[in-house]
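So the chains spell out like this:
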Amino acid sequence: MSLWSEHVHNSLKSILLTQEQIEHRISQLACQINKDYASLTDDLVVIGVLRGSILFMSELIKQLDVPLVIDFLAAASYGKGVSSSGNVRITKDTFIDIKDKHVLVVEDIVDTGITLSKVLQMLQLRGPLSLKLCTLLSKPSRRQIEIPVDYCGFEVPDVFVVGYGLDFADKYRHLPFIGVLKDNMYS
C-alpha cells in the first residue's frame, strides 16, 4: 500500500457510496435526461460547476444521446473551510451564450444552496429557454436556500463526504467512490 493509499484509508470513517453504485445511478440519470430531452433539435448546453462536478459530468455526458455542447463555470464560497462563507464569487464564467438554449447545470453536491442559488440566478438572467439542475449528491438537512433539483443522484446525510470530485482542501477529488471523512481530519 502506498503512503497516499494508507493516508486515504486512515482519513475515512467509511465508504458511503461505491464506484459501482455511483456508475449505476449515473446511468439511470442519463436515461432520464435522454428521455426528457429526446425531442431536442438544438444543442443542450451542459454547464459543469468546477471543480467538483468534473468526474460526475464526464461520466454523465458520455451516456447522453442528445446533441450537446459543454461549458464550465467556477464559483467559490467555501475556501479551505468546511462550510460556506455565504460570500459567493464567480471565479470563472461560461463562454457559451445560453440565450434561448436549454441548459443543464451539473454539480457535485447541493449542500446549503447558497452557491447554487447565486449561480442559477445569474444564469437565469441570461435568458435560457429552460434551466435545470443535475447533482450527484444532495444534503437536504443542510439547506439554507431551497434549490429546485431536477435530477439527483443520491440524498446523503449530514456528513463530510469526499471523493468522486468532492474535496477537502483540494484533496481526495480523484477517489473513485464517495467516503466519509473522519471528524479529526477537518475539525
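Residues numbered from 1 in each chain as written. Predicted model: local features only at pLDDT ≥ 70, side-chain atom pairs only at ≥ 80, totals over all residues. Heavy atoms only, no water.

(A) View of the overall build of the chain. When its secondary structure is counted, the chain shows 4 helices and 9 strands. In the chain, the succession of helices and strands from N to C terminus is α-β-α-β-α-β-β-β-α-β-β-β-β. The C-alpha radius of gyration of the chain comes to 16 Å, within 12% of the 16 Å expected for a compact globule of 187 residues. Overall, the C-alpha framework of the chain stretches about 50 × 35 × 25 Å when taken along its three principal axes. Across the chain, every contact between residues at least 6 apart in sequence was considered, and the portion connecting residues at least 24 apart equals 68%. (Helix = DSSP H or I, 4+ residues; strand = E, 2+ residues; numbered from the N terminus. Rg over C-alpha atoms; globule rule 2.2 N^0.38 Å. Contact = heavy atoms within 4.5 Å.)

(B) Structural context of the nonpolar core. Among the nonpolar cores identified, the biggest contains 29 residues, and Leu-137 and Ile-178 are the most heavily contacted of them. Going through the elements one at a time, helix H2 (19–36), strand S2 (44–50), helix H3 (54–62), strand S5 (102–110), strand S6 (130–138) and strand S7 (151–155) are the ones with two or more residues in this core. The leading source of residues in this core is H2, at 5 residues. Ignoring anything within four residues of it in the chain, the contact list for Leu-137 reads Leu-17, Asp-108, Ile-109, Val-110, Phe-154, Val-156, Val-161, Leu-166 and Ile-178. Of all hydrophobic cores here, the second largest spans 19 residues; its members include Val-88, Ile-114, Leu-120 and Met-122. (Core = buried A, V, L, I, M, F, W, Y, C linked by side-chain atoms within 4.5 Å. Buried < 20%, exposed > 50% of the residue type's maximum accessible area, 1.4 Å probe, protein only.)

(C) Structural context of the environment of Gln-124. Along the polypeptide, Gln-124 turns up in helix H4 (residues 114–124). Separated by 26 residues in sequence, Gln-124 and Ile-98 have C-alpha atoms that sit 9.3 Å apart.

(D) Spatial organisation of the pattern of salt bridges. Counted by the stated rule, this structure contains 9 salt bridges. A salt bridge links Asp-170 to Arg-51; the shortest N-O distance between them is 2.5 Å. With Asp-170 in the loop between strand S8 (161–162) and strand S9 (178–181) and Arg-51 in the loop between S2 and H3, this pair connects stretches of sequence that are 119 residues apart. Put simply, Arg-173 and Asp-167 hold a salt bridge, and the shortest N to O gap is 3.3 Å. With relative accessibility at 18%, the residue Arg-173 sits in the buried group. (Salt bridge = Lys/Arg side-chain N within 4 Å of Asp/Glu carboxyl O.)

(E) Spotlight on the packing of H2 against H3. In the contact formed by H2 and H3, the axes pass within 9 Å of each other and the chain directions differ by 55°. For the element pair H2 / H3, the angle class is oblique. The hand of the H2/H3 crossing is right-handed. Of the residues in H3, those touching H2 at Ile-26, Leu-29, Ala-30 and Ile-33 are Phe-56, Glu-59 and Leu-60. Broken down by class, the residue content of the contact of H2 with H3 amounts to 6 nonpolar, no polar and 1 charged. (Axes fitted to C-alpha atoms, helices over the stretch in contact; angles between N-to-C directions. Parallel < 35°, antiparallel > 145°, perpendicular 65-115°, else oblique. Left-handed = near helix turned anticlockwise from the far one by under 90°. Nonpolar A, V, L, I, M, F, W, Y, C, P; charged D, E, K, R; others polar.)

(F) The arrangement of the side chain of Thr-115 in detail. Along the chain, Thr-115 falls in helix H4. Overall, Thr-115 belongs to the buried group, its relative accessible area being 13%. Residues contacting Thr-115, with those up to four places away along its chain left out, are Ala-75, Ser-77 and Val-88.

(G) The arrangement of the packing of aromatic side chains in detail. Going through the model one piece at a time under the given rule, you end up with 1 aromatic pair. Considering the side-chain rings of Phe-160 and Phe-168, the 5.6 Å spacing of their centres and the 90° angle between planes classify their relative orientation as edge-to-face. Comparing Phe-160 with Phe-168 shows no difference in burial state: the two are buried. (Phe/Tyr/Trp six-rings, centres within 6.5 Å; stacked < 30°, edge-to-face > 60°.)

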